[in-house]
Amino acid sequence: MRRLIINADDFGISRSVNNGILEAAQAGGITSTSLMVNLPDSADAVARARKCNRISVGLHFNLTVGNALTGPSSLTQGHTAEFYPLSRLLAAAALGMIDENDIERECLAQIDRMTRAGFPPTHFDSHRHVHTHPSIYPAVRRAVQARRIPHLRIPCEPLDVNASALAATMKKSLLLLSARRSRRLSTDSRSAINPTQEITGFVGISLQGGATFGTRLFALVRDLPAGTTELMTHPGYADADLAKRDNYTVEREVELKILCSGEFQDLLRDLRVSLANFGDQMAIVTGEHELAQYC
């Protein structure tokens, strides 16, 4: 049997994205979403998610947009609580300038804010995949285990998926190397929760990029392996608030249109692909076991 968890990243980044994600949920185009809890429009996302029981909601851990919940630290610029942009964060992490305790405190704070809002995270991933960096992953893993979050994403997409997308293949290669390095640096191989059924794959990085999203998505679904695969997506609408926080804008509207289309639903039905989400408790595996599974 082939199962697919279709996750929409960036819930809460802007109201326009929130609109698109909830529209996709109502249409059956996604089964899960990941919430950014430190941004102004996260309150709108939480309020609307309470009215939608179609999807599971996880944490989209954020270290690059907006302000840290824990205030000024080695993660932020100067004496402010504003996060470094991605390039500076990665450079600081590579140079050993980020305090692991600051990462763990911020991670716990974001998890706890979501839990207090009534949504204990069903899964964990991060904006721009920052949690896979070898200097960040160990602290994240401790926080995920401490709060017993059932699933931690390791974004290792097979290199042969949509291999003609050169930029995506390079990104996948870097993420694979980063995940393998994180695995070697982690000494505790205990999983937070015993898995009932492991996720056997992750895809989605090679789908990003605009007009050919539909063609690449349909090809990917036709080649899904047996087992449970997580598909990362970014549906939404573009507006000025989104453009201030992210450079992936109008491409989200292309993704939304395809995910909500009857053709996509027909394809899933014809191929007998079952849809699932992280709340089904069928994809529970965390830590070193997961890294070994993917990488």
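Within every chain, residues take consecutive numbers counted from 1 along the sequence as written. Where local features are concerned, this predicted model is filtered to residues with pLDDT of at least 70; where side-chain atom pairs are given and counted, the filter is 80 or more; whole-chain, interface and lining totals use all residues. Heavy atoms from the whole structure form the basis of all side-chain values; hydrogens and water molecules are not counted.

Chemist: Mind laying out the overall build of the protein chain, listing which residues take part and the relevant values?
Modeler: Starting at the N terminus, helices and strands are each numbered in turn, a helix being any DSSP run of H or I of at least four residues and a strand any DSSP run of E of at least two. In terms of regular secondary structure, the protein chain is built from 11 helices and 7 strands. Accessible area is worked out with a 1.4 Å probe on protein chains only. A residue is then buried under 20% of its type maximum, exposed over 50%, and partly exposed in between. Expressed as a percentage of the 295 residues in the protein chain, the buried residues total 59%. The contact criterion used throughout is that any non-hydrogen atoms of two residues lie within 4.5 Å. Restricting to contacts in the protein chain with at least 6 residues of sequence separation, those with at least 24 account for 78%. Only the protein chains shown count as cover for residues, and all accessible areas are computed by the Shrake-Rupley method using a 1.4 Å probe. In the structure as shown, the protein chain presents an accessible area of about 12300 Å², 51% of it carried by carbon and sulfur atoms.

Chemist: Outline helix H4 (residues 100-116), listing residues and values.
Modeler: In this analysis, the expected span of each helix is defined as 1.5 Å times one less than the number of residues it contains. In this model, H4 (17 residues) spans 24 Å end to end at C-alpha, consistent with the 24 Å of a helix rising 1.5 Å per residue. When H4 is considered as a whole, its buried residues turn out to be Asp-102, Ile-103, Glu-104, Glu-106, Cys-107, Leu-108, Ala-109, Gln-110, Ile-111 and Met-114. The elements touched by buried residues of H4 are strand S2 (32-35), strand S3 (56-61), strand S4 (124-126) and helix H5 (137-146). The opening residue of H4 is Asp-99, an N-cap whose side-chain oxygen sits 2.8 Å from the backbone nitrogen of Asn-101. The positive-phi residue at the C-terminal boundary of H4 is Gly-118, with phi of around 100°. Whenever a nitrogen or oxygen atom comes within 3.5 Å of another N or O atom, the pair is scored as a polar contact, on the condition that within protein one atom can donate a hydrogen and the other can accept it, and that pairs from neighbouring residues in sequence are kept only if both atoms are in side chains.

Chemist: Requested: an account of the side chain of Thr-233, with residues and values cited.
Modeler: Within the secondary structure, Thr-233 is located in strand S6 (residues 227-233). Classification of Thr-233 as buried rests on a relative accessible area of 1%. Residues in contact with Thr-233, not counting those within four places in the same chain, are Ile-6, Asn-7, Ala-8, Asp-9, Ile-30, Glu-255 and Leu-259.

Chemist: Got a sec to walk through the confidence of the model for the protein chain? Specific residues and values, please.
Modeler: Residues with a pLDDT of 70 or more make up 82% of the protein chain, whose mean pLDDT is 86. Low pLDDT, under 50, characterises residues 282-295; the stretch is placed with 69 contacts to residues that sit more than four places away or in other chains. As a per-residue measure, pLDDT tells how confident the predictor is, with possible values from 0 to 100.

Chemist: Go over the packing of helix H7 (residues 213-222) against helix H10 (residues 262-270), please, and point to the residues and values.
Modeler: Here an axis means a line fitted to C-alpha atoms, over the contact stretch when the element is a helix, while the angle between two N-to-C directions is reported on a 0 to 180 degree scale. Where H7 meets H10, the closest approach of the two axes is 10 Å, and the angle between their N-to-C directions is 10°. The angle between the axes of H7 and H10 places the two elements in the roughly parallel class. Contact with H7, carried on its side by Leu-217, Phe-218, Val-221 and Arg-222, involves Glu-263, Phe-264, Leu-267 and Leu-268 of H10 and no other residues of that element. In this count, Pro and Cys sit with the nonpolar residues alongside Ala, Val, Leu, Ile, Met, Phe, Trp and Tyr, while Asp, Glu, Lys and Arg are called charged and the others, Gly among them, polar. Counted by class, the contact of H7 with H10 contains 6 nonpolar, no polar and 2 charged residues. An angle below 35 degrees is treated as roughly parallel, one above 145 as roughly antiparallel, one from 65 to 115 as roughly perpendicular, and anything else as oblique.

Chemist: Kindly report on the pattern of salt bridges, identifying the contributing residues and their values.
Modeler: For this analysis, a salt bridge means a side-chain nitrogen from Lys or Arg found within 4 Å of a carboxyl oxygen belonging to Asp or Glu. Under the criterion given, the structure shown has 16 salt bridges. One salt bridge in this structure joins Arg-15 and Asp-44, with 3.8 Å as the shortest N-O distance. You can see Arg-15 sitting in helix H1 (residues 15-27) and its partner Asp-44 sitting in helix H2 (residues 42-49), a full 29 residues away along the chain. Residues Glu-230 and Arg-153 are paired through a salt bridge, measuring 2.7 Å at the closest nitrogen-oxygen approach. Here the residue Glu-230 occupies a position in strand S6, and Arg-153 occupies one in the loop between H5 and helix H6 (166-185), the gap between them amounting to 77 residues. Side by side, Glu-230 and Arg-153 carry an identical accessibility label, which is buried. Several salt bridges converge on common partners, so that one network encompasses Arg-15, Asp-41, Asp-44, Arg-48 and Arg-245.

Chemist: Tell me about H7, and please be specific about residues and values.
Modeler: Within H7, 7 of the 10 residues are buried, which leaves it mostly tucked inside the rest of the structure. Along H7, the residues that are buried comprise Phe-213, Gly-214, Arg-216, Leu-217, Phe-218, Leu-220 and Val-221.

Chemist: Go over the nonpolar core with me, naming the residues and quoting the values.
Modeler: In this text, buried Ala, Val, Leu, Ile, Met, Phe, Trp, Tyr and Cys residues form a nonpolar core when linked through side-chain atoms within 4.5 Å. By size, the foremost hydrophobic cluster in this structure holds 67 residues, and its most contacted members are Ile-30, Phe-124, Val-140 and Leu-217. Sequence-distant contacts of Leu-217, that is, excluding residues within four places in its chain, are made with Leu-207, Leu-231, Ile-258, Leu-259 and Phe-264.

Chemist: Can you break down the packing of H1 against H2 residue by residue, with the values?
Modeler: Across the interface, H1 lies against H2 with an axial gap of 9 Å and an inter-helix angle of 20°. One finds that H1 runs roughly parallel with respect to H2. Our pair here, H1 against H2, has a crossing hand that is right-handed. Residues Arg-15, Asn-18, Asn-19 and Leu-22 of H1 touch H2, and the partners they reach there are Asp-44, Ala-45 and Arg-48. Tallied by class, the residues present in the contact of H1 with H2 amount to 2 nonpolar, 2 polar and 3 charged. Note on convention: the crossing is left-handed when the near helix lies turned anticlockwise from the far helix by less than a right angle, right-handed when the turn is clockwise.

Chemist: Hey, could you go over the environment of Cys-52 for me, with residue numbers and the actual values?
Modeler: With respect to the element layout, Cys-52 can be found in the loop between H2 and S3. Take Cys-52: its relative accessible area is 7%, and that puts it in the buried class. The sequence separation of Cys-52 and Ala-25 amounts to 27 residues, and the corresponding C-alpha distance is 8.2 Å. Other than its neighbours up to four places away in sequence, Cys-52 contacts Leu-22, Ala-25 and Gln-26.

Chemist: If you had to explain unusual backbone geometry to someone new, which residues and values would you point to?
Modeler: With a phi close to 75°, Asp-10 is a non-glycine residue in the positive phi region. Of note, Asp-10 is situated in strand S1 (residues 2-11). Residue Asp-10 is classed as buried on the basis of its relative accessible area of 2%. Here the phi dihedral of Arg-272 falls at roughly 55°; this positive angle occurs in a residue that is not glycine. Here Arg-272 lies in the loop between H10 and strand S7 (273-276). What makes Arg-272 exposed here is its relative accessible area of 72%.

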